[in-house]
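# Coordinate analysis (summary)
Read off the chains here:
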Amino acid sequence: MSSSTAVRDLQKDLENKANDLGKIQKDIGKNHQLRKKYTIQLGENELVLKELDLLEEDANVYKLIGPVLVKQDLAEANANVRKRIEYISAELKRLDAILQDMEEKQNNKRETIMKLQQRLQSIQAGKAKA
């Protein structure tokens, strides 16, 4: 009777760990999507910066604000794009750190699940022999 209780407890624990692992995997997927979005934005902003660098100092630069094009100083536009690139790069680094932490947690959960499965199998194997 105590072995069947132990088996039930192990199965519940295993189920909980599997659910936790599923949540972590879902979060990793969200992180990858966000990372992809920021990577695309970084590429676009780097392209804009290259285009701005090609312009002469007296060139007209316009910024789209809603439905209106507003004239902007070239130096100001350059500074804004550089700030955006800096921000996006920092966000990518932050997301990388979070991803690394989540992957560590995922690996730990997998190991825990494997150990629980092995313990459950050994209990069930011992039960079958009896």
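By the naming in an unreviewed UniProt entry, the protein goes by Prefoldin subunit 6 and is assigned to Arabidopsis lyrata subsp. lyrata.

### What about the UniProt feature "coiled-coil region" (unreviewed entry) in the protein?
The UniProt feature table records "coiled-coil region" (unreviewed entry) at residues 85–119. Along residues 85–119 one finds 100% helix and 0% strand; the C-alpha atoms at either end are 51 Å apart.

### Digging into the nonpolar core
With twelve residues, the main nonpolar core is built from Tyr-38, Leu-42, Leu-49, Leu-52, Val-61, Leu-74, Ala-77, Val-81, Ile-85, Ile-88, Leu-92 and Leu-95. Elements supplying a minimum of two residues to this core: α1 (2–54) and α2 (74–129). Sorting elements by how many residues they give to this core places α2 first, with seven residues. Look past the residues within four positions of Leu-74 in its chain and what remains in contact with it is Leu-52, Leu-55, Glu-56, Glu-57 and Val-61. Of all hydrophobic cores here, the second largest spans seven residues; its members include Val-7, Leu-10, Leu-116 and Leu-120.

How each quantity is defined
Residues numbered from 1 in each chain as written. Predicted model: local features only at pLDDT ≥ 70, side-chain atom pairs only at ≥ 80, totals over all residues. Heavy atoms only, no water. UniProt positions renumbered as here; feature names shortened; annotations may be inferred. Helix = DSSP H or I, 4+ residues; strand = E, 2+ residues; numbered from the N terminus. Core = buried A, V, L, I, M, F, W, Y, C linked by side-chain atoms within 4.5 Å. Buried < 20%, exposed > 50% of the residue type's maximum accessible area, 1.4 Å probe, protein only. Contact = heavy atoms within 4.5 Å.

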